[in-house]
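# Chain and residue survey
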Amino acid sequence: MPSQFVMKSHPPVLPVFGLVSSLLLAMAPAFADGTASVQPSDDQSRIARIVTRQLSVQHYNRPVLNDELSGEIWKRYLGEMDNQRIYLLASDVQSFEPWRLKLDDQLKAGQLLPAFTMFNRYQQRLRERLEFAVSELDSNSKALFDFTGKDSVENDRKTAPWVRNKAELDQLWRLRLKAAALALKLSGKSNDEALTTLKRRYKSQLTMLGQTKAEDAFQTFMNAFTETYDPHTQYMSPRNSENFNINMSLQLEGIGAVLQTDDEYTKVMRIMPASPADKSHQLKPGDRIVAVAEGDKDFVDILGWRIDEVVELIRGTKGTTVRLQVIPTGGDGVTKEISLVRNTIELEDQAASKKVLEYKRNGVVRRIGVIKLPTFYADFKGMQSGDPEYRSTTRDVHRLINELKQERIQGIILDLRNNGGGSLPEVNDLIGEFITTGPTVQVRDTRGRIETLGDGNPEVAYSGPLVVVVNRLSASAAEIFAGAIQDYGRGLVVGSTTFGKGTVQSLRDLGHGQLKITEAKFYRISGASTQNKGVEPDIHFPELFDPKEIGESALERAMAWDTIKAARYQQLNQWGSKIKSLEAASRARQARNPDIRYLTEQQKLLADLKDQKTTSLNEKVRRSEKQSQDDKRLAIENRRRQAKGQTALKDWDDVEDLFEKQNPDHDPNYERPEEQSLLQEAGEILLDTLSAPQAAKHPAAALPTRRNVVER
């Protein structure tokens, strides 16, 4: 049976691992430099065996835990510890080589000492690097703050060779320290302020290093193991289980951002609808948080912190203020400050809402209804208690449709942009509001059994023209809805390729933490999976989210896209060959629309920035590059303003201040002009369909009927 919820993607939390006999535990109490050595417990050994058995039986893929998979675990474990290859030496990695093909047997036996030995060596090297950084800042600051040379630093060392010796590693770290100092200076700090910040940063990391526990090693190793199966299968320590459960219940008083460790940074993976972060429009997926401050207190540098420690720092009481220093995604490494007021996320804030857009074509005013749906929700407590007024997605959308009918709309746009998913029963019921009867989604479990969910109620709330708008952050349940509407030909799907989250997870209690395990997979009624590839829109809009960073396909070892047998359903073929002409008309309008042209130009600029392999450590070069980027951004904005008959801005700082002036009250329903333009274009597409020959007929004429049966 499928889970009641389409579970959302939650990024890997920082790892933990451990286990071995008491005889082996006594073998390595500490390293010569004083670094504490963590050792596995009998309880962790037991959990490792349980997780190994459960994955072999319950995971959807059920791959054989053999030497080949052992090699992948070994490789991933190294990446979890030292993804940028800036701590471990080539000789360390070589010393780990004998265990490359033995981790499978060790996991089955609950033998964790080799994994802990690797972790302890990493901890030793980490301490050495942090102490080196502090020493360099104390004794060599003059050279570190000399930004006149030709030095540069690699932006990404994931595939670089392991460093051969300590001297090479020292030089690599001098360049990293210089890069960090220059970034702080470019952000407006003086040399003395930057030096103080860096010293505090690395001393803080040293303090945290001294608090490392066996659970940290165990979680790191176990996730290196579980995530070789797929990125959503994870071991969660008791502390991270608590954080996960709070997040799922939406009772967290905080900013509403899902975070993930990305090397030494804390990266924003998703913004929760109607949260303080969402309403502010200041924080975006892909942004990296580098420092946190409570109210008007000093910033605490969080580079290198564990994700659970960062969460605790950002979380706080409703109504209090938290400030963040953030490196924007696609930026030049310079930080900006964001201020957010913590709040709880209420069901009411995430409820469906409506508005009406008006268009004038051939002298006739046309009215298009828009229903914005941030998530698929249901008040299960109210439902179970028999409350006749309980809230749910389907009930709310049904009511809004009736209200829009009273306003004499000619079509409906369902806006699923940024909708991360939610309740599976709700998406099933909502599809039923737009079709008569028929299948809606197929769910295949680990044994290959396929269950087809469907709508058995012939009543239809709305049978008129329909357009569904999606983007890269439309995931899970949102993809099920868009896929079904597209497969039936019931409406057009426009926007950008969706996230690609097509798997179902369940939680299993381990007595000490939890295992989140992928046990099923979603398939569209056409038989195509939504996994990895997502839903491809009929008509594309430009998208600023980089699919290389955001989406299922960006996750390592994401499960593959595949197909199963299609369910039996009647496709309307309402558009057929008209799709090409509709798309051509939309492309022509997009090319003329200043706000959409702005998005397209921004998209290209971000791509160019991310293609840079190295960063100069020469201050004049960096300031020149920054000025060049600011000039390009300003030119893009001014081309838009000129096309709209607005006064040109003189400086990039004027552009930065513009949004705050446009939305000073942080209205959660406010959309930037470029976001509004995409919704306007969706309405134009809908109006185009009204003039298509097929649309001259009653739009519900060919909808599926009761005689459609579901194949099982």
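Residues numbered from 1 in each chain as written. Predicted model: local features only at pLDDT ≥ 70, side-chain atom pairs only at ≥ 80, totals over all residues. Heavy atoms only, no water.

## With respect to the overall build of the chain
Per the secondary structure count, the chain includes 22 helices and 22 strands. Here the chain holds 712 residues, and 56% of them are scored as buried. The long-range share in the chain, meaning contacts at least 24 apart out of those at least 6 apart in sequence, stands at 77%. Entry remark: accessible area of the chain is about 30,400 Å², with carbon and sulfur atoms responsible for 49%. (Helix = DSSP H or I, 4+ residues; strand = E, 2+ residues; numbered from the N terminus. Buried < 20%, exposed > 50% of the residue type's maximum accessible area, 1.4 Å probe, protein only. Contact = heavy atoms within 4.5 Å. Areas by Shrake-Rupley, 256 points an atom, 1.4 Å probe, with all protein chains shown as cover.)

## Focus: the packing of helix α19 (residues 594-610) against helix α22 (residues 673-691)
Relative orientation of the contacting elements α19 and α22 amounts to 115 degrees, with a least axis distance of 8 Å. Where α19 crosses over α22, the two elements pack in a sense that is left-handed. Residue-level inspection shows D595, I596, Y598 and L599 of α19 in contact with α22, the latter providing P673, E674, S677, L678 and E681. Grouping the amino acids of the contact of α19 with α22 by side-chain chemistry returns five nonpolar, one polar and three charged. (Axes fitted to C-alpha atoms, helices over the stretch in contact; angles between N-to-C directions. Left-handed = near helix turned anticlockwise from the far one by under 90°. Nonpolar A, V, L, I, M, F, W, Y, C, P; charged D, E, K, R; others polar.)

## Re the sheet that holds strand β18 (residues 492-495)
An order of β11-β12-β13-β17-β18-β21 is seen for the six strands of this open sheet, with the pairing classed as mixed. Here the strands that pair on one side only, and so sit at the sheet edges, are β11 (353-361) and β21 (539-540). As paired strands, β11 and strand β12 (residues 364-372) are joined by nine bridges and run antiparallel to one another. Each bridged residue has a counterpart across the sheet, and for V356 the counterpart in β12 is G369. Helix α17 (residues 477-488) contacts β13 (411-415), β17 (466-470) and β18 of the sheet and is inclined by roughly 140 degrees relative to β17. (Pairing = 2+ DSSP bridges.)

## Observations regarding the environment of Q531
Note that Q531 resides in the loop between β20 (514-523) and β21. Through-space distance from the C-alpha of Q531 to that of G502 is 3.9 Å; in sequence the pair is 29 residues apart. Excluding residues that lie within four positions of it along the chain, Q531 makes contacts with G500, K501, G502, T503, K521, E552, A558, M559, A560 and W561. At 3.0 Å, the side chain of Q531 forms a polar contact with the side chain of E552. Among the polar contacts listed, one links the side chain of Q531 to the backbone oxygen of M559, at a separation of 3.0 Å. (Polar contact = N/O pair within 3.5 Å; in protein donor to acceptor, adjacent residues only side chain to side chain.)

## Let's talk about the packing of helix α3 (residues 67-82) against helix α10 (residues 214-226)
Closest axis-to-axis distance for the α3/α10 pair is 8 Å, and the angle between their directions is 135 degrees. The angle between α3 and α10 places the two elements in the oblique class. α10 is crossed by α3, and the crossing has right-handed handedness. Between α3, through I73, R76, Y77, E80 and M81, and α10, the contact on the second element is made entirely by A217, T220, F221, N223, A224 and F225. Residues belonging to the contact of α3 with α10 are distributed by class as follows: seven nonpolar, two polar and two charged. (Parallel < 35°, antiparallel > 145°, perpendicular 65-115°, else oblique.)

## What about the nonpolar core?
Ranked by internal contacts, the top residues of the largest apolar core, which has 65 residues, are L78, Y202 and F225. Ignoring sequence-local partners within four residues, the contact set of Y202 consists of L130, A133, V134, L137, W173 and L177. (Core = buried A, V, L, I, M, F, W, Y, C linked by side-chain atoms within 4.5 Å.)

## Here we look at the pattern of salt bridges
As enumerated under the stated definition, the model contains 53 salt bridges in all. The shortest N-O distance in the salt bridge between E136 and R174 comes to 3.3 Å. Of this pair, E136 sits in helix α6 (residues 113-139) while R174 sits in helix α8 (residues 166-186); the two residues are 38 residues apart in sequence, bridging distant segments of the chain. The class of E136 is buried, set by a relative accessible area of 8%. According to the relative accessible area criterion, R174 is partly exposed, its value standing at 27%. Note that D151 and K178 form a salt bridge whose closest N and O atoms lie 3.6 Å from each other. One end of the pair, D151, is in the loop between α7 (141-144) and β3 (152-154); the other, K178, is in helix α8, with 27 residues separating them in the sequence. (Salt bridge = Lys/Arg side-chain N within 4 Å of Asp/Glu carboxyl O.)

## Focus on the confidence of the model for the chain
Put simply, the chain has an average pLDDT of 86, and 87% of its residues get 70 or more. Counting interchain partners and residues more than four positions distant, the pLDDT-below-50 stretch residues 694-712 has 41 contacts. (pLDDT = per-residue confidence, 0-100.)

## Thoughts on the side chain of S70
Position of S70 relative to the elements: it lies in helix α3. The exposure class assigned to S70 is buried, which follows from its relative accessible area of 0%. A polar atom in the side chain of S70 sits 2.7 Å from the backbone oxygen of R100. Not counting the four nearest positions on each side in its chain, S70 is found in contact with W99, R100, L101, K102, L103 and D104.

## Here's the deal with the environment of P458
By secondary structure assignment, the location of P458 is in the loop between β16 (450-455) and β17. Along the primary structure P458 and I435 are separated by 23 residues, whereas in three dimensions their C-alpha atoms are 7.7 Å apart.

## Some remarks on the environment of M208
If you trace the backbone, M208 turns up in helix α9 (residues 191-209). Sequence spacing of M208 and W305 is 97 residues, and the spatial spacing of their C-alpha atoms is 7.5 Å. Each residue touching M208, except ones within four places of it in the same chain, is listed here: W305, R306 and E309.

## Focus on unusual backbone geometry
Look at R85: it is not a glycine, yet its phi comes out positive at around 55 degrees. Here R85 lies in the loop between α3 and α4 (90-96). Owing to a relative accessible area of 21%, R85 belongs among the partly exposed residues under this scheme. If you check the backbone angles, N362 has positive phi at about 55 degrees while not being a glycine.

## Some words on a negative patch on the surface
On the surface, a cluster of negative charge is contributed by D631, D651, D653, D654 and D657. With three residues, the single largest contributor to the negative patch is helix α21 (residues 652-662). Looking at where D631 falls in the secondary structure, it is placed in helix α20 (residues 619-643). (Patch = residues over 30% accessible without salt bridge, like charges linked within 9 Å, V, L, I, M, F, W, Y side chains within 5 Å. Lys, Arg positive; Asp, Glu negative; His and termini not counted. Charge placed at Lys NZ, Arg CZ, Asp CG, Glu CD.)

## Notes on the packing of aromatic side chains
Applying the stated criterion across every chain, the model contains twelve aromatic pairs. Every member of this aromatic cluster is reached through a ring pair, and the members are Y87, F119, Y122, W173 and Y202. Lying across the ring of Y390, R395 places its NZ or CZ 4.0 Å from the centre. The ring of W652 has R633 lying over it, and the distance from NZ or CZ to the ring centre is 5.8 Å. (Phe/Tyr/Trp six-rings, centres within 6.5 Å; stacked < 30°, edge-to-face > 60°. Lys NZ or Arg CZ within 6 Å of the ring centre and 35° of its normal.)

## Things to note about the pairing of strand β5 (residues 257-262)
Summarising the sheet, β5 and strand β6 (residues 265-271) pair through six bridges and their orientation is antiparallel. Bridging across to β6, A257 finds its partner in I271. Linking β5 to β6, which pair antiparallel, is a turn of two residues; within it D263 sits at a positive phi near 60 degrees.

## Thoughts on the pairing of β6
Burial runs high along β6: seven of the seven residues are buried. Note that β6 and strand β7 (residues 288-294) share two bridges and pair antiparallel. Bridged to T266 within β7 is I289.

## Description of α3
With 16 residues, α3 extends 22 Å from end C-alpha to end C-alpha; this agrees with the ideal 22 Å at 1.5 Å per step. What α3 keeps buried is the set L69, S70, G71, I73, W74, R76, Y77, L78, M81 and D82. Packing partners of the buried residues in α3 comprise α4, α5 (103-109), α6 and α10. Two or three places before E68, at the opening of α3, N66 has a side-chain oxygen 3.2 Å from that residue's backbone nitrogen. (Expected span 1.5 Å × (residues − 1).)

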